[in-house]
Amino acid sequence: MIDFHCHLDLYPDPSNVAERCEREGIYVLSVTTTPSAWHGTRKLERARIRTALGLHPQLAHERRSELALFDALLPETRYVGEVGLDGAPPFRTHWRAQLEVFDHILDSCASAGGRVLSIHSRRAAKAVLDCLEAVPQAGTFILHWFSGSLSDLSRAVSLGCWFSVGPAMLAAEKGRALAAQFPRDRVLTESDGPFARLGDQPAMPWDAAVAERELAALWNMGTAETASLLRDNLRRLVDLADRDLA
Ligand code: MN
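Residues numbered from 1 in each chain as written. Predicted model: local features only at pLDDT ≥ 70, side-chain atom pairs only at ≥ 80, totals over all residues. Heavy atoms only, no water.

### Things to note about the sheet that holds strand S2 (residues 27–31)
Here's step 1: On the basis of which strands lie adjacent, the open sheet formed by three strands has the order S1-S2-S3 and parallel pairing. The open sheet is flanked by strand S1 (2–6) and strand S3 (49–52), the only strands paired with a single partner. Strand-to-strand twist across the sheet, computed as the mean angle between neighbouring axes with direction ignored, equals 15°.
Here's step 2: Of the strand pairs in this sheet, S1 and S2 are connected by three bridges, and their pairing is parallel. Looking at S2, one finds that Ile2 is bridged to Tyr27. (Pairing = 2+ DSSP bridges. Helix = DSSP H or I, 4+ residues; strand = E, 2+ residues; numbered from the N terminus. Axes fitted to C-alpha atoms, helices over the stretch in contact; angles between N-to-C directions.)

Here it is as structure tokens:
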């Protein structure tokens, strides 16, 4: 099972969650929201857990001073996230800071030879795609919990973007309609826990299983077949990441 976007460091007991992931053989991309969280979060790494270096768009205005730290840490990882733009009302007021931070990060990734990026694009799909189109050499882009229009989606597909989808996205009709259109060879599952919720509980990495079942139903495929497709996708993505870093 794969959870390609999880805030492992933000659970009340992160080590316990990491241990259970390890026991259950779950592949986890543990994304961070600030560069200063990098070292602490890295301690949660296990055989199948990798840490991504991030600066969340909702924190861009408070943490842009950490861009120097971001650049200093970038050589240590092939994964970047959570980064992107957020156009929802409370954050739109800091749009300029968000753009400055995201553009800087894309340029840094390009200069470093490319990275795998887990990207937030809530209410900002068009603007995110504009940024990505300007710096395609920044690496391989994974749009997490994508919620743009169908025309944004076709633009993202032409750009070579991947998509990570979780149970919360697939619980909504719009999310299901989008996921049905994703290129199946560029899809991974995620939880986005503990921010995303499943019922009245924070989503856990193993809840990616719910997304896996939903995708199987949506794509009219068997569950084993879907699991093996997702695993093949992950393998291809990791190969791309290795190539980027080489
Ligand atoms: Mn997230």
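### Side note on the coordination of the manganese ion
Here's step 1: Binding of the manganese ion to the protein goes through His5 (NE2), His7 (NE2), Glu82 (OE) and Asp192 (OD), at separations of 2.3 Å.
Here's step 2: All donors of the manganese ion come from a single chain, and their spacing in sequence reads H-x1-H-x74-E-x109-D. (Donors = N, O, S within 2.8 Å, 3.2 Å for Na, K, Ca; no water.)

### Side note on the environment of Arg176
Here's step 1: As for its position among the elements, Arg176 is in helix H10 (residues 173–181).
Here's step 2: Given a relative accessible area of 22%, Arg176 falls into the partly exposed group.
Here's step 3: Taking C-alpha positions, Arg176 is 32 Å from Ser15, a pair spaced 161 residues apart along the chain.
Here's step 4: Other than its neighbours up to four places away in sequence, Arg176 contacts Met169, Leu170, Glu214 and Leu218. (Buried < 20%, exposed > 50% of the residue type's maximum accessible area, 1.4 Å probe, protein only. Contact = heavy atoms within 4.5 Å.)

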